[in-house]
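Here is what each chain is made of, one letter per residue.
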Amino acid sequence: KAGVTQTPRYLIKTRGQQVTLSCSPISGHRSVSWYQQTPGQGLQFLFEYFSETQRNKGNFPGRFSGRQFSNSRSEMNVSTLELGDSALYLCASSFWRNTDTQYFGPGTRLTVL
Amino acid sequence: KNEVEQSPQNLTAQEGEFITINCSYSVGISALHWLQQHPGGGIVSLFMLSSGKKKHGRLIATINIQEKHSSLHITASHPRDSAVYICAVRWNYGGATNKLIFGTGTLLAVQP
């Protein structure tokens, strides 16, 4: 069974631009969560999607948004990029919510110049 | 104060040593995860615990819900165990809402 895939793996953008990251969960998994990892703040929860609905959201500004499609694939979007958005963005999938092990993708390394 | 505290932050061990990493948390949780992250970013979920103890190979994880504390033990450590180990708790903060809160990680280096 293929693991969680994320595209693109690396991305360079400039301030003010927007970016869309994609996550394809393990086949059959319905829950997708997104995380941001930076050297200063560590890992932080962004949001969780299950059955195309956002179930939980972390403490991030409205510039961060996401969605999930009927095939469980998920995208996250960051608008009006700031230098501080430079980070590794990870997604993780699980079959069900809350009580299942999460399987992480390799991440997308975003650099904002 | 962070809701999830890990200790130590850095740990250097000799191959074969028994290693313990600790995690304390201050919120009500439904589960606790131990994650392993190697250089380059890939994260692997090692354990998910809601009570008691779990063992997988040379790794053992325990949790004490009353004391809000968990430990990850590595027996007969090996250089390939060198990684960052991260504790994360699934925090119940109202009804069906919950989210993962992460500790800052423990950087483990096992020397041959």
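Here the structure is a predicted model, which is why all the values come from computation and not from measurement. (Residues numbered from 1 in each chain as written. Chains lettered and ligands numbered in written order. Predicted model: local features only at pLDDT ≥ 70, side-chain atom pairs only at ≥ 80, totals over all residues. Heavy atoms only, no water.)

1. Some remarks on the confidence of the model for chain B
Then comes step 1: Confidence in the prediction for chain B averages 92 pLDDT; 93% of positions are at 70 or higher.
Then comes step 2: Considering each helix and strand of chain B separately, the mean pLDDT is smallest for strand S10 (residues 97-102) of chain B, with a value of 78, and largest for strand S8 (residues 69-74) of chain B, with 98. (pLDDT = per-residue confidence, 0-100. Helix = DSSP H or I, 4+ residues; strand = E, 2+ residues; numbered from the N terminus.)

2. Focus: the sheet that holds strand S7 (residues 64-68) of chain A
Residue and element names in this part refer to chain A.
Then comes step 1: Pairing within the open sheet is antiparallel, and its 4 strands lie in the order S1-S3-S8-S7. Of all the strands in the sheet, the pair left with one neighbour each is strand S1 (5-7) and S7. Here the strands of the sheet are splayed against their neighbours by 20 degrees on average, with no regard to which way each runs.
Then comes step 2: Across 5 bridges, the pairing between S7 and strand S8 (residues 74-78) is antiparallel. (Pairing = 2+ DSSP bridges. Axes fitted to C-alpha atoms, helices over the stretch in contact; angles between N-to-C directions.)

3. Points about the nonpolar core
Then comes step 1: Ranked by internal contacts, the top residues of the largest apolar core, which has 25 residues, are B:Leu32, B:Trp34, B:Leu72, B:Tyr85 and B:Val89.
Then comes step 2: Secondary structure elements with two or more residues in this core: strand S3 (19-25), strand S4 (29-37), strand S5 (43-49), strand S7 (59-64), S8, strand S9 (83-94) and strand S11 (106-111) of chain B.
Then comes step 3: The next biggest cluster of nonpolar side chains, apart from the first, holds 21 residues, and it includes A:Trp34, A:Phe64, A:Tyr89 and A:Val112. (Core = buried A, V, L, I, M, F, W, Y, C linked by side-chain atoms within 4.5 Å. Buried < 20%, exposed > 50% of the residue type's maximum accessible area, 1.4 Å probe, protein only.)

4. Description of the state of the cysteines
Then comes step 1: A full pass over the atoms with the stated rule returns 2 disulfides over all chains.
Then comes step 2: What pairs with A:Cys23 in a disulfide is A:Cys91, and their sulfur atoms sit 1.9 Å apart. One disulfide, between A:Cys23 and A:Cys91, carries an S-S torsion of 70 degrees and so falls in the right-handed class. With A:Cys23 in strand S3 (residues 19-24) and A:Cys91 in strand S9 (residues 87-94), the pair connects residues that are 68 residues apart, well separated along the chain.
Then comes step 3: Residue A:Cys23 is classed as buried on the basis of its relative accessible area, which comes to 0%.
Then comes step 4: A disulfide bridge connects B:Cys23 with B:Cys87, and the sulfur atoms are separated by 2.0 Å. Between B:Cys23 and B:Cys87 the sulfur-sulfur dihedral comes to about -60 degrees; the bridge is accordingly left-handed. A residue pair is termed long-range when its members are at least 10 positions apart, and B:Cys23 in strand S3 and B:Cys87 in strand S9 qualify at 64 residues. Side by side, B:Cys23 and B:Cys87 carry an identical accessibility label, which is buried. (Disulfide = S-S within 2.5 Å.)

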